[in-house]
Amino acid sequence: MCGGFTCSKNALIALNILYVMIGFLLIGVGVYARAASVVTNLPIVGGILACGVILICISMLGLAGAVKHHQVMLFFYMIILFMLFLIQFSIASSCLAVNAEQQQQFAEQGWKTVPPNLREQVQEKFLCCGFNDTIDHTASISNAVTVNSDPSCEDVNKQCCVDSQDPKCHCGPCGPLLEDKIDYAFKLCGGLGIFFSFTEVLAVFLARRYRNQHDPCYLPARAVFPHNYQY
């Protein structure tokens, strides 16, 4: 019967197996991104790997508790998963609630904190210079890279102005070119976060229900030793 002990056990095991697969997928994406140099920023790759490892650890705890019907494991599994739900739901809701102006502010702060070589890769890929129009393009051509400054735009300006005779010709800023991608990333992260946070609520509900159910393989003591009880 669905909703009984066996059904709850199998559903909880299946859900945690799904979490394990997602965890290994995150680890694989992080390793591939690092090996293929898709993402050269080590904190980003480290964050992806950490999320995968944490998810696998939590899933293993849930699997062990579900297979053994272990009360303590299931209790800590519920607590950890519920705390993860609160954090993930809050972050996902914030991502969906951020407007375009706030997205640009966050992106500009991130632009200033990433290494200059990563900013240079972005400029070469999108043929842009700096994040907004406040950059001094003349200085960027003649001066070396300084702390918290944009990389030199000399090479990308040559590609942008290959057919121009204007000596002041330069590439446009990267901010407007990245606006759609930044908005898509916020919406995607928020949507996926909301979706998986509700699966965590489902896992907590299943764990609580399964934890309070009696294993039919074990008979109560009254049925095994009826002569020890007085009626």
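Structure first, text after, so check above.
The following paragraphs examine the structure supplied in this document. Fair warning: this is a prediction, and the values are worked out from it, not measured in the lab.

**Side note on the nonpolar core**
If you look at the biggest cluster of nonpolar residues, it comprises 20 residues, and the most contacted ones within it are Leu 12, Tyr 19, Tyr 77, Leu 81, Ala 203 and Tyr 210. Elements that contribute at least two residues to this core include exactly α1 (5-35), α2 (42-68), α3 (71-97) and α8 (174-211). Residue contributions to this core peak at seven residues, all from α1. Look past the residues within four positions of Leu 12 in its chain and what remains in contact with it is Ala 66, Leu 74, Tyr 77, Ala 203, Leu 206, Ala 207 and Tyr 210. Within the second largest apolar cluster, 10 residues are counted, among which are Ala 107, Trp 111, Cys 174 and Leu 178.

**Let's talk about helix α4 (residues 100-113)**
Relative to the 20 Å expected for 14 residues at 1.5 Å per residue, α4 spans 20 Å between its end C-alpha atoms, a close match to the ideal helical length. Where α4 is concerned, the buried positions are Gln 103, Ala 107 and Trp 111. Seen from one end, α4 has its buried residues packed into an arc of 75°, which puts them on one side. Exposed side chains of α4 directed beyond 90 degrees from the buried face belong to Glu 101, Gln 109 and Thr 113.

**Details of the packing of aromatic side chains**
Enumeration according to the criterion identifies five aromatic pairs in this entry. With 5.2 Å between their ring centres and 75° between their planes, Phe 195 and Phe 196 make a pair best called edge-to-face.

**Notes on the state of the cysteines**
In this structure the tally under the stated criterion is one disulfide. Across a sulfur-sulfur distance of 1.9 Å, Cys 128 and Cys 174 are joined as a disulfide pair. As the torsion about the S-S bond is roughly 90°, the Cys 128-Cys 174 disulfide counts as right-handed. Pair noted here: Cys 128 is in the loop between α5 (116-126) and α6 (137-142) and Cys 174 is in helix α8, with a separation of 46 residues, a long-range link. When sorted by exposure, Cys 128 lands in the same class as Cys 174, which is buried.

**What about the side chain of His 69?**
Topologically, His 69 is positioned in the loop between α2 and α3. You can call His 69 buried: its relative accessible area is 15%. Within the structure, the side chain of His 69 is placed 2.9 Å from the backbone oxygen of Tyr 210, a separation counted as a polar contact. A distance of 3.3 Å separates the side chain of His 69 from the backbone oxygen of Gln 213, its partner in a polar contact.

Calculation criteria
Residues numbered from 1 in each chain as written. Predicted model: local features only at pLDDT ≥ 70, side-chain atom pairs only at ≥ 80, totals over all residues. Heavy atoms only, no water. Core = buried A, V, L, I, M, F, W, Y, C linked by side-chain atoms within 4.5 Å. Buried < 20%, exposed > 50% of the residue type's maximum accessible area, 1.4 Å probe, protein only. Helix = DSSP H or I, 4+ residues; strand = E, 2+ residues; numbered from the N terminus. Contact = heavy atoms within 4.5 Å. Expected span 1.5 Å × (residues − 1). Arc of directions from axis to C-beta. Phe/Tyr/Trp six-rings, centres within 6.5 Å; stacked < 30°, edge-to-face > 60°. Disulfide = S-S within 2.5 Å. Polar contact = N/O pair within 3.5 Å; in protein donor to acceptor, adjacent residues only side chain to side chain.

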